[in-house]
Amino acid sequence: MFLETDIKYLKGVGDARAKMLGAELGVASFRDLLYYFPFRHIDRSRFYRIDELSGTELPALQIKGRFIHFNIEGEGARKRLVGVFSDGSRKMIEIVWFSKIQSLSNAYKPGVEYVVFGKPNFFRNAYSIVHPEVELYDPEKPPSGFRGVYSLTEVMRKRGFSTRMLQTLVGNLLENPRFQDIVDTLPQEVLERYSLMPLCDAFRQMHFPTSPQALQKATERFKFEELFYVEIHILRYSMERGSRIPGYLFPKIGDKFNGFYFNVLPFELTGAQKRVLREIRADMKTGRQMNRLLQGDVGSGKTMVAFMSLLMAVDNGCQGALMAPTEILATQHYETLKGWADPIGVRVALLTGSTRVAARREIHSGLESGDIDIIVGTHALIEDTVIFHRLGLAVIDEQHRFGVAQRARMWRKNRVAPHVLVMTATPIPRTLAMTVYGDLEVSVIDELPPGRKPVTTLLRYDTGRMEVDRLIFSQLRAGRQVYIVYPLIEENEKLDLKSLEEGYARTCETFPGYRVCFVHGKMKPAEKDHQMDLFVRGEARIMVATTVIEVGVNVPNASVMVIENAERFGLSQLHQLRGRVGRGAEQSYCILMGKAKSSADTKKRLSIMTETTDGFLISEADMKIRGPGDMEGTQQSGIAFNLKVADLSRDGQILFRAREAAKSVLIGNRPLLATGSEGVMSAGDATAALPLSTVSMEIVESEMRLRFARSVDWSQIS
Ligand code: ADP
Ligand code: MG
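Rules and cut-offs
- Residues numbered from 1 in each chain as written.
- Chains lettered and ligands numbered in written order.
- Predicted model: local features only at pLDDT ≥ 70, side-chain atom pairs only at ≥ 80, totals over all residues.
- Heavy atoms only, no water.
- Pairing = 2+ DSSP bridges.
- Helix = DSSP H or I, 4+ residues; strand = E, 2+ residues; numbered from the N terminus.
- Axes fitted to C-alpha atoms, helices over the stretch in contact; angles between N-to-C directions.
- Polar contact = N/O pair within 3.5 Å; in protein donor to acceptor, adjacent residues only side chain to side chain.
- Contact = heavy atoms within 4.5 Å.
- Near = heavy atom within 4 Å.
- Areas by Shrake-Rupley, 256 points an atom, 1.4 Å probe, with all protein chains shown as cover.
- 1 Å grid on protein atoms, 1.4 Å probe; cavity = no way out; pocket = protein on both sides within 12 Å on 5 of 7 lines; lining within 4 Å.
- Sits in = over half its atoms within 2 Å of the grid points.
- Nonpolar A, V, L, I, M, F, W, Y, C, P; charged D, E, K, R; others polar.
- Phe/Tyr/Trp six-rings, centres within 6.5 Å; stacked < 30°, edge-to-face > 60°.
- Buried < 20%, exposed > 50% of the residue type's maximum accessible area, 1.4 Å probe, protein only.
- Lys NZ or Arg CZ within 6 Å of the ring centre and 35° of its normal.
- Parallel < 35°, antiparallel > 145°, perpendicular 65-115°, else oblique.
- Left-handed = near helix turned anticlockwise from the far one by under 90°.
- Core = buried A, V, L, I, M, F, W, Y, C linked by side-chain atoms within 4.5 Å.
- Expected span 1.5 Å × (residues − 1).
- Arc of directions from axis to C-beta.
- Disulfide = S-S within 2.5 Å.

S.K.: Tell me what's going on with the sheet that holds strand E15 (residues 419–424), and back it up with residues and numbers.
M.R.: Taking strand neighbours across the sheet as the criterion, the 7 strands line up as E12-E13-E11-E14-E15-E10-E16 in an open arrangement whose pairing is parallel. The sheet is open, and its two edges are formed by strand E12 (348–351) and strand E16 (441–445), each paired on a single side. Within the sheet, the average angular offset between the axes of one strand and its neighbour, ignoring direction, is 20°. Taken together, the 5 bridges between strand E14 (residues 391–397) and E15 define a ladder with parallel strand orientation.

S.K.: Can you lay out the side chain of Ser 309 for me, pointing to particular residues and giving the numbers?
M.R.: On the secondary structure map, Ser 309 appears in helix H11 (residues 302–315). Of note is the side chain of Ser 309, whose polar atom sits 2.7 Å from the backbone oxygen of Val 305. If we skip the residues at most four places from it in the chain, Ser 309 touches Leu 277, Ile 280, Met 284, Leu 393 and Leu 421.

S.K.: So what's going on with the site of ligand 1? Residues and values would help.
M.R.: Neighbouring ligand 1 are 16 residues, the closest being Gln 273, Gly 299, Lys 302, Thr 303 and Arg 452. Measuring from a nitrogen atom of ligand 1, one finds a side-chain N or O atom of Gln 273 at 2.9 Å. Between ligand 1 and Arg 583 there is a distance of 3.3 Å, counted from an oxygen atom to a side-chain nitrogen or oxygen. Here ligand 1 loses 81% of its free accessible area of 560 Å² to cover by the protein chains. Placement of ligand 1 is best described as lying within the largest pocket. In terms of residue class, the shell around ligand 1 is built from 4 nonpolar, 7 polar and 5 charged.

S.K.: A description of the packing of aromatic side chains should follow, citing residues and the corresponding values.
M.R.: A full pass over the atoms with the stated rule returns 29 aromatic pairs. Considering the side-chain rings of Tyr 36 and Tyr 150, the 6.4 Å spacing of their centres and the 10° angle between planes classify their relative orientation as stacked. You can see Tyr 36 sitting in the loop between helix H2 (30–34) and strand E1 (40–43) and its partner Tyr 150 sitting in the loop between strand E9 (146–149) and helix H4 (154–158), a full 114 residues away along the chain. Each member of the pair Tyr 36 and Tyr 150 is classed as buried. Aromatic side chains Phe 224 and Phe 228 sit 6.2 Å apart centroid to centroid with 15° between the ring planes, which places their arrangement in the stacked category. On the criterion of helical spacing, the pair formed by Phe 224 and Phe 228 is a turn pair, its members being 4 residues apart in helix H8 (residues 212–244). Just above the ring of Tyr 137 sits the side chain of Lys 64; from NZ or CZ to the centre is 4.6 Å. Above the face of the Phe 222 ring, Arg 221 is positioned so that its terminal group lies 5.5 Å from the ring centre.

S.K.: Let's hear about the packing of H11 against helix H12 (residues 327–341): which residues, and what values?
M.R.: Helix packing geometry: the angle between the two helix axes and the distance between the axes. Remark: H11 packs on H12, axes separated minimally by 11 Å, with the N-to-C direction vectors making an angle of 55°. Judged on the interaxial angle alone, H12 and H11 are oblique. Judged by the sense of rotation from one axis to the other, the crossing of H11 with H12 is right-handed. Counted together, Thr 303, Met 304, Phe 307 and Leu 310 of H11 and His 333, Leu 337, Trp 340 and Ala 341 of H12 form the full contact between these two elements.

S.K.: Requested: an account of the nonpolar core, with residues and values cited.
M.R.: One finds Phe 260, Phe 307 and Ile 374 to be the most contacted residues of the largest nonpolar core, which totals 39 residues. Among the elements of the structure, helix H9 (255–264), helix H10 (271–284), H11, H12, strand E13 (374–377), E14 and E15 are those that each provide at least two residues to this core. Ranked by residues supplied to this core, first place goes to H11 with 10 residues. Discounting chain neighbours no more than four positions away, the residues touching Ile 374 are Phe 307, Leu 310, Val 314, Gly 320, Leu 337, Val 346, Arg 347, Val 348 and Ala 349. Counting residues in hydrophobic clusters, the runner-up holds 35 residues, among them Leu 152, Phe 179, Ile 182 and Ala 218.

S.K.: How would you sum up helix H17 (residues 493–510)? Please name residues and give values.
M.R.: When the terminal C-alpha atoms of H17 are compared, their 25 Å separation across 18 residues agrees well with the 26 Å that a helix rising 1.5 Å per residue should span. Buried within H17 are the following residues: Asp 496, Leu 500, Gly 503 and Thr 507. Axial view of H17: buried residues confined to an arc of 60°, hence all on one face. Set apart from the buried face of H17 by more than 90 degrees, the exposed residues are Lys 494, Leu 495 and Glu 509. Here the buried face of H17 lies against strand E18 (481–485), strand E19 (516–519) and strand E20 (542–545).

S.K.: Any details on the packing of helix H19 (residues 571–578) against helix H20 (residues 600–611)? Residues and values, ideally.
M.R.: The geometry of H19 relative to H20 is characterised by a closest axis approach of 11 Å and an angle of 35° between their N-to-C directions. Crossing of H19 over H20 shows right-handed handedness. Of the residues in H20, those in contact with Leu 571, Leu 574, His 575 and Arg 578 of H19 are Arg 605, Leu 606, Ile 608 and Met 609. Looking at the contact of H19 with H20 residue by residue, the class counts come to 5 nonpolar, 1 polar and 2 charged.

S.K.: So what's going on with the state of the cysteines? Residues and values would help.
M.R.: Enumeration according to the criterion identifies 0 disulfides in this entry. Free cysteine: Cys 508, not disulfide-bonded; nearest cysteine sulfur from Cys 517 at 10.0 Å. On the basis of relative accessible area, Cys 508 is assigned to the partly exposed category, the value being 31%.

S.K.: So what's going on with the sheet that holds strand E8 (residues 133–136)? Which residues, and what values?
M.R.: Reading across the sheet, the 7 strands line up as E6-E7-E4-E3-E2-E5-E8 and stay open at both edges, with mixed pairing between neighbours. Of all strands in the sheet, those bounded by a partner on one side alone are strand E6 (120–123) and E8. Averaged over all adjacent pairs, the angle separating strand axes in this sheet is 40°, with direction ignored. Note that strand E3 (residues 80–86) and strand E4 (residues 92–97) share 6 bridges and pair antiparallel. From the neighbouring strand, Ser 86 faces E4, where its bridge partner is Met 92.

Structure below.
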């Protein structure tokens, strides 16, 4: 096929260059080159004037002028050819080459008009351009339109390979008579319904745009294309799963659930909690295995939802498991659940790494016989020695600490896969969730229990420390507890540990008479648990810690969260930390200690925290700032998509359309909608089926093979 042609056969390439393109850019075929998009474009009709350059971070740009003279300077490796270049404005710029000195000094002539193109460096108060592209200026054919700037490696530049050469190669490819025959990678029906630019036009526009608008349309098309196939991949997978993997059928709401609901439940459920329980209940009635992600901000009451879901399993003759990432959390959950379960005669047990041998043996046999209804624990739950009588539902708390591999392991404990509910307090923007957790249904608790006073968030600098100390004092005197958090001990371990230890010493000194406990991630687990326990039981009134406390501890009496060096935390992390307070009825405070000298960007970022307590807004802002790659949870997601063109933090709209298109295509090409795919299909949008021609179906299939090494097995779907 034309696109698969080895790049060495392209006019202007040959063996040596083909090797270099392959090794340096991963460009081995015609297809690779066409998809090697410029990272930006320059307006060829625009010449910069040397005296208008300002600042130290300039993009690559072009200047038109003449060399005044050339000098050879320096010795050895520093030996270089320096051309002084003038464009007639008040200033001059130095053009510098470190290689091919002799031949270049003969090639360029003073006095002749050239266009130089490159990225100016600012050094010792003057601008220079190293290894620019230089071409003769031809007044008959002045440069016009836009052209692409490609990222090249240093090795390529050293060998004299320039952006200009890459442009020429791409140009040669576009002129190849067979280029026009390339088959579009998107079905004609999709191109039409979504008014997308056809492939060949889009390639041309990406490399040599005729206008910014055309470039935009072309970019949009490639983003759409990329996301469309990702979505086909995800949706097809979840439809297959939906129709194939059977799960326990929980037809009834029984005595335990009702007994708890009417006699024990200590508060009225929020509307959001009720809605989520209905969603879970609906899943469990289908006979298919549930895989649901429950997102809810810190303090939104996920534990109650988990417990009541577990009761549905128990009422239907099954067992339930609740797995937490740390021993402390597991213990807290156990105590909470036991308090709710005892009155209704549901048996709960706790299994962690430190459960004694005798107790462990007893629990193992209780799980195998079915005497234990609900087991709470840590990773210890997924050890091979743990055998369930009939595990009907596994709830995993704080999902980002567990990988997909562990999730899968829990499934394999039964012949029938248990339903799985994954709970996370790290809100993931919807766009990201749709892509990354495309194989999970998503439920959201978007409402906090009533009566919560929003946490007052303050941004303070060192000058405000006295005021902060006074606030802490008054809260301590009122009987409350205080967290003081330092950045995770990391790159600069010594320095971080020092500031943490100094912070601890200072805290003990400033607040005499109050017990201070001390926790950091490099501590032995037993010591850490001991220190945490002091705080949970209220013996220690202040906790000085690194971010190890980020996940889950529930100490409703804590009312102050001080975060030192707040600029070193991501917004989502700050939000998590803030969620540790404000759990009781008292007014709580979160104090971000910033650096007075930090950049305007940093200050703006931190001030987002003072403006909103909405975890989703914060997480979206965080994603815009840090990029989705850094979002917690994305690494372990299992479906690690390496998006090349699309950017999830910006391209939400395109993603929605691509997903809708993918659905339409999948629906439109199954004679019957498999029973059980409604879950995937009922995401709220009435999707119109889009039947494809045979040719188009072949296109989709071959793209799927190419992109995911998998084909669409239409027969499996229908
Ligand atoms: P998270 O979602 O962060 O895990 P929790 O489940 O720990 O939140 O709930 C936080 C607190 O709110 C707990 O003390 C819990 O008992 C309480 N809570 C949960 N749901 C409600 C409700 N509907 N009304 C009042 N309090 C509630
Ligand atoms: Mg929780």
